[in-house]
Every structure is written in structure tokens, then in C-alpha cells.
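Inside the fold
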Amino acid sequence: NALTTPPVLRVRHRMPFRQIARLLRGLPQLRVSPGGIVKQVKRLARWLDGRYQDLVRRMRAGEHVHVDETGWRIDGKNFWLWAFTDPTFTLYHVDESRGGRVPLNLLGRAFGGTVGCDFYSAYNGIKGPKQRCLTHLPRELTELGEADRSFADCPLARKLRRWCR
């Protein structure tokens, strides 16, 4: 437990290394430093690398995967946390890039399933069908209507907005 808890607190709960060390100091006969936690996170990453590659292969063979990204700060620098979710697991990937090469590299060029995603252009390079996020669709309709008044007034736009509601 002492070896696996700090990485979970760091990765899953985004706790700083110093805060994790302070929390664990309260446990009897356990001495840990922020640097020791960093080493343990890296060690665990090496141990699990094969498992990670197995998950990438499973995801590539899947029928559908939902992909999303969010900002992620590491040592004061901006990165992106990518989440690839299928019905049985979620694969997380942290990258410096928010570009289309990230989902393309992880899914592979031969991915034949359906990708569930928002309207962010990084997903356009992935071949195959896409299920666009229905939460984002009304926002896209509104923005398109603001940019093009003729679209906002057309019957199709009204039907789409009604369908989304």
C-alpha cells in the first residue's frame, strides 16, 4: 500500500508531491520524501509500461472509443491530459501537444471503429465514423447562426436546435 498509494494520489487526485509526503508522514514507521515519491511514480510507470501498451492494442481493436482532452499542468508548464474511453477501460495519456497527431498516434491509422468526440479539429484526421458530442452540438449551432444569419433563420437550423433540446 505504501508503494502504490502515492502514485494514485499524484496521478488520480493530482496532489502535489510535498502534500503527499506530508500526508504519509502521519503513518507510523513510514518515512518518505517528495523525491522518493517521484522515484516511485517513475518506477511504477516502468513496471506498468507493458500493461499500458496492451491497453493501447485493445483500444485500437475496439469498435468504439470516446476521446477528450483537458489542460494539465506539470511543473508550471502546460500539457494536455487525453482520455480514451471504451466500455471496459480508460486510457490516460499526457502530452505536450493538443494536436491531431496525439489521437492519431494512439488510435493508429488503421483504427476502424467509431470515435466519440467533440467538434475539436484534432479529431478530424482520424479516419472512420465519428459520433459528435451532442452537448457541444447546440453550441456549434449557435456559433454558426451568429456567424451566418441566413443559417440561423433557415428551417434546418430551427429543427436541429429543437432536436438537440
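Quick caveat: nothing in here was measured; it's all calculated off a predicted structure.

1. What to know about the overall build of the protein
- Tallying secondary structure elements over the protein gives 7 helices and 5 strands in all.
- What you see for the protein is a C-alpha radius of gyration of 21 Å, clearly larger than the 15 Å of a compact globule of 165 residues, by over 25%.
- In terms of its C-alpha atoms, the protein occupies a principal-axis envelope of roughly 70 × 35 × 25 Å.
- In the protein, which comprises 165 residues, the proportion classed as buried is 30%.
- For the protein, restricting intrachain contacts to residue pairs at least 6 apart in sequence, the fraction spanning at least 24 positions comes to 31%.
- As displayed, the protein has an accessible area near 11100 Å², and 53% of this comes from carbon and sulfur atoms.

2. Quick word on a nonpolar patch on the surface
- A contiguous nonpolar surface patch, about 340 Å² in accessible area, is contributed by Leu3, Trp47 and Leu48.
- By relative accessible area, Trp47 is classed as exposed at 52%.

3. A look at the pattern of salt bridges
- Evaluated as defined, the whole model comprises 4 salt bridges.
- Here Glu69 and Arg98 are joined by a salt bridge, their closest N and O atoms 2.8 Å apart. With a gap of 29 residues between them, Glu69 in strand 1 (residues 64-74) and Arg98 in the loop between strand 3 (90-95) and helix 4 (101-107) connect regions that are remote in the sequence.
- Residue classification places Glu69 among the buried residues on the basis of a relative accessible area of 10%.

4. Quick look at the side chain of Gln40
- Turning to its location among the elements, Gln40 is positioned in helix 3 (residues 34-61).
- In this structure, Gln40 is in contact with Leu3, Pro7 and Trp47, ignoring residues within four places of it in sequence.

5. Some details on the packing of aromatic side chains
- Per the counting criterion, the structure on display carries 3 aromatic pairs.
- With a centroid separation of 6.1 Å and an interplanar angle of 80°, the aromatic rings of Trp82 and Tyr123 are classed as edge-to-face. With Trp82 in strand 2 (residues 77-85) and Tyr123 in the loop between strand 4 (114-117) and strand 5 (130-132), this pair connects stretches of sequence that are 41 residues apart.
- Geometrically, the ring pair formed by Tyr120 and Tyr123 is edge-to-face, given 6.1 Å between the ring centres and 80° between the ring planes.
- Judged by its relative accessible area of 23%, Tyr120 falls in the partly exposed class.
- The rings of Trp82, Phe84, Tyr120 and Tyr123 are connected pair by pair, giving a single aromatic cluster.

6. A word on the sheet that holds strand 3
- Spatial ordering of the open sheet is given by 3-2-1-4-5, a layout of 5 strands whose pairing is mixed. Of all the strands in the sheet, just strand 3 and strand 5 have a single pairing partner and so form its edges. For this sheet the average axis-to-axis angle between neighbouring strands, irrespective of direction, equals 25°.
- Its contacts with the sheet place helix 3 against strand 1, strand 2 and strand 3, and it is angled at close to 110° to strand 3.

7. A look at the state of the cysteines
- Evaluated as defined, the whole model comprises 0 disulfides.
- Here Cys133 is not cross-linked by a disulfide; its sulfur's nearest cysteine counterpart is in Cys117, at 8.9 Å.
- Among the cysteines around Cys154, which has no disulfide bond, Cys164 carries the closest sulfur, lying 13 Å off.

8. Things to note about the packing of helix 2 (residues 17-25) against helix 3
- Closest axis-to-axis distance for the helix 2/helix 3 pair is 8 Å, and the angle between their directions is 105°. With respect to helix 3, the element helix 2 is oriented roughly perpendicular. Contacts from Phe17, Arg18, Ile20, Ala21 and Arg25 in helix 2 reach Pro34, Ile37, Val38 and Val41 in helix 3.
- When the residues that make up the contact of helix 2 with helix 3 are grouped by side-chain class, the tally is 7 nonpolar, no polar and 2 charged.

What counts as what
Residues numbered from 1 in each chain as written. Predicted model: local features only at pLDDT ≥ 70, side-chain atom pairs only at ≥ 80, totals over all residues. Heavy atoms only, no water. Helix = DSSP H or I, 4+ residues; strand = E, 2+ residues; numbered from the N terminus. Rg over C-alpha atoms; globule rule 2.2 N^0.38 Å. Buried < 20%, exposed > 50% of the residue type's maximum accessible area, 1.4 Å probe, protein only. Contact = heavy atoms within 4.5 Å. Areas by Shrake-Rupley, 256 points an atom, 1.4 Å probe, with all protein chains shown as cover. Patch = residues over 30% accessible without salt bridge, like charges linked within 9 Å, V, L, I, M, F, W, Y side chains within 5 Å. Salt bridge = Lys/Arg side-chain N within 4 Å of Asp/Glu carboxyl O. Phe/Tyr/Trp six-rings, centres within 6.5 Å; stacked < 30°, edge-to-face > 60°. Pairing = 2+ DSSP bridges. Axes fitted to C-alpha atoms, helices over the stretch in contact; angles between N-to-C directions. Disulfide = S-S within 2.5 Å. Parallel < 35°, antiparallel > 145°, perpendicular 65-115°, else oblique. Nonpolar A, V, L, I, M, F, W, Y, C, P; charged D, E, K, R; others polar.

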